[in-house]
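Overview (structure and organization)
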Amino acid sequence: MSKLVTIYGGSGFVGRYVVRRMAQAGWRVRVAVRRPNEAMFVKPYGVVGQVEPLFCNIRDDDSVRAVMSGADAVVNCVGILAESGKNSFDAVQAEGAERIARIAAEVGVGRMVHVSAIGADAESDSDYARTKAEGEAGVLKHMPGAVILRPSIVFGPEDDFFNRFANMARFGALTLWTLPVVGAETRFQPVYVDDVAAAAEAGVTGRAAGGVYELGGPDVDTFRELMDQMLDVIRRRRMIVNIPFWAANVMANGFAAVQFLSGGLVPAQITRDQVRNLRRDNVVGEGVKTFADLGISPTSLEAVLPEYLWRFRPTGQYEELTESAKNLRA
């Protein structure tokens, strides 16, 4: 019988790519999510019955244990960028991660992969970064041989980074033909989502030794340079305006007030915690395990961005034909 892996958060951005890879590798896959009915799109990643979405709340021991029963390996892809209700950073990224590892150890799961983030730091003033570090510590406490992946900002067709800013640029007339960003000089090392999934697969199958791996793409760019690349791909001209951190904090306070007064119906466009994170570079450190230790060559931005950002061009999929026609008339 083929082996079984339980993937917590398997319908999320990174998780769905891990699910696809494990299904293609012949594993049976349990996709542990809060809303199984919204995760049915993962079932065709395998043959009939190979991929199964199941309900799970990682804040609850019994729920975590139920979907882990009989699993040979577990992968935790659950993470949040902003808190909402009971899903606080502490509950999800620290306590939730440790809960999965503790129960995995109790039931005798052989391998665990945990997706964290570059910048995880127990001493950070950012709750996001602090709880990422606490989650890592909790995982290693119970599963010392776990593979921990720390990606930089992740890009791909379903990302909430390039898609978000490309959409903002498409409606640039509403912002006086500008594209506002916070931390324009902060450096990032964007990593392709399927490369992260490949690293997770290596951890599940045992091809990767236990330890912490920092994952970044082949290029390091500032936020401003990333936006320049994105604008070039979508064929739009916008002036990139850097919002000072003090002004971003004022904006974040305002968004927080609106979110509170609306009962959470109007989400904050940026939070104070996100502003804190944008003050720090998000790149692979020195002397750490990386893609090279996994035998993976990371994919470049320029090889992937045009494949999914074309829809933000002035004439969408016909933009290149329009440009060719202009050249002919010239």
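Look a little higher up for the structure.
In short, a report on the structure.

1. Notes on unusual backbone geometry
In this model, R235 sits at a positive phi of 60°, which is unusual for a non-glycine residue. On the secondary structure map, R235 appears in the loop between helix 7 (223–233) and strand 13 (239–243). Relative accessible area serves as the criterion here: at 31%, R235 is assigned to the partly exposed category.

2. Brief notes about the packing of helix 1 (residues 13–24) against helix 6 (residues 193–205)
Two elements in contact, helix 1 and helix 6, have axes whose closest approach is 8 Å; the angle formed by their N-to-C orientations is 55°. With respect to their mutual orientation, helix 1 and helix 6 come out oblique. Judged by the sense of rotation from one axis to the other, the crossing of helix 1 with helix 6 is right-handed. The residues of helix 6 that touch helix 1, namely those facing F13, V14, Y17, V18, R21 and M22, are V193, D194, V196, A197, A198, A200, E201, V204 and T205. Taken together, the residues of the contact of helix 1 with helix 6 sort by class into 11 nonpolar, one polar and three charged.

3. Regarding the packing of helix 5 (residues 162–170) against helix 7
Any two packed helices are characterised by how steeply their axes cross, that is the angle between the axes, and by the distance between the axes. Where helix 5 meets helix 7, the closest approach of the two axes is 10 Å, and the angle between their N-to-C directions is 65°. Here the hand of the crossing between helix 5 and helix 7 comes out right-handed. Residues F162, F165, A166 and A169 of helix 5 form the contact with helix 7, whose own contacting residues are F223, L226, M227, M230 and L231. In the contact of helix 5 with helix 7, the residues fall into nine nonpolar, no polar and no charged.

Analysis parameters
- Residues numbered from 1 in each chain as written.
- Predicted model: local features only at pLDDT ≥ 70, side-chain atom pairs only at ≥ 80, totals over all residues.
- Heavy atoms only, no water.
- Helix = DSSP H or I, 4+ residues; strand = E, 2+ residues; numbered from the N terminus.
- Buried < 20%, exposed > 50% of the residue type's maximum accessible area, 1.4 Å probe, protein only.
- Axes fitted to C-alpha atoms, helices over the stretch in contact; angles between N-to-C directions.
- Parallel < 35°, antiparallel > 145°, perpendicular 65-115°, else oblique.
- Left-handed = near helix turned anticlockwise from the far one by under 90°.
- Contact = heavy atoms within 4.5 Å.
- Nonpolar A, V, L, I, M, F, W, Y, C, P; charged D, E, K, R; others polar.

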